[in-house]
Amino acid sequence: MDDALTRAQIVDAVGHIDEDQIETILAAGATAAELEMARILADKQDTSDASPPDVRMDVVHRLYDVLRAELPDTERG
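Residues numbered from 1 in each chain as written. Predicted model: local features only at pLDDT ≥ 70, side-chain atom pairs only at ≥ 80, totals over all residues. Heavy atoms only, no water.

Visitor: Whenever I open this one, the overall build of the protein confuses me. Can you help?
Guide: When you go through the protein residue by residue, the secondary structure sums to 5 helices and 0 strands. What you see in the protein, going N to C, is helices and strands ordered as α-α-α-α-α. The burial tally for the protein puts 31% of its 77 residues in the buried class. In the form shown here, the protein has an accessible surface area of approximately 4,900 Å², with 49% of it arising from carbon and sulfur atoms. (Helix = DSSP H or I, 4+ residues; strand = E, 2+ residues; numbered from the N terminus. Buried < 20%, exposed > 50% of the residue type's maximum accessible area, 1.4 Å probe, protein only. Areas by Shrake-Rupley, 256 points an atom, 1.4 Å probe, with all protein chains shown as cover.)

Rendered as structure tokens:
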């Protein structure tokens, strides 16, 4: 499995997010693949054509919650 992400990699992958959210992602020990999967799901992109990477879905779900928290209520659906 990939190495855990760094702060710089998180910001590069998702853009500016709250420091608490970065800390949550770091604490989860998330990999780049897990963050990417969570970002795709949070952005409500179609994942049907993507082959699922080797990810821990419990981590993806935690990251999804972190990323969705950034959206205004009208976009959370």
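Read on, since the account is not over.
Visitor: How do you make sense of the pattern of salt bridges when you look at a structure like this?
Guide: Charged atoms that come close allow side chains of opposite charge to pair. Counted by the stated rule, this structure contains 6 salt bridges. Here Arg39 makes a salt bridge to Asp43, at a shortest N to O gap of 3.0 Å. A relative accessible area of 43% means that Asp43 is categorised as partly exposed. Residue Asp58 pairs with Arg62 through a salt bridge whose shortest N-O separation is 3.7 Å. Placement of the pair is Asp58 and Arg62 together in helix H4 (residues 57–68), with a separation of 4 residues, close to one helical turn. (Salt bridge = Lys/Arg side-chain N within 4 Å of Asp/Glu carboxyl O.)

Visitor: In this structure, what is going on with the environment of Gln9? I would like to understand it.
Guide: Position of Gln9 among the secondary structure elements: in helix H1 (residues 7–14). The exposure class of Gln9 is partly exposed, given its relative accessible area of 39%. Taking the C-alpha atoms as reference, Gln9 lies 9.9 Å from Leu35; in sequence the two are 26 residues apart.

Visitor: Just checking my understanding: could you explain the packing of helix H2 (residues 19–28) against H4 for this structure?
Guide: For any two helices packed against each other, one specifies the inter-axial angle together with the distance between the axes. Put simply, H2 and H4 touch, their axes get as near as 10 Å, and they point 175° apart. On the basis of the axis angle, H2 is roughly antiparallel to H4. In contact with Gln21, Thr24, Ile25 and Ala28 of H2, H4 contributes Val59, Arg62, Leu63 and Val66. Here the residues of the contact of H2 with H4 are counted per class, giving 5 nonpolar, 2 polar and 1 charged. (Axes fitted to C-alpha atoms, helices over the stretch in contact; angles between N-to-C directions. Parallel < 35°, antiparallel > 145°, perpendicular 65-115°, else oblique. Contact = heavy atoms within 4.5 Å. Nonpolar A, V, L, I, M, F, W, Y, C, P; charged D, E, K, R; others polar.)

Visitor: I keep staring at the nonpolar core and nothing clicks. Help me out?
Guide: Burial of nonpolar side chains together is a common tendency in soluble globular proteins. Residues Leu5, Ile10, Ile25, Ala30, Leu35 and Leu63 are the most contacted members of the largest nonpolar core, which totals 18 residues. Those elements that place two or more of their residues in this core are H2, helix H3 (32–42) and H4. In this structure, Leu63 is in contact with Ile25, Ala28, Ala30, Glu34, Leu35 and Ala38, ignoring residues within four places of it in sequence. (Core = buried A, V, L, I, M, F, W, Y, C linked by side-chain atoms within 4.5 Å.)

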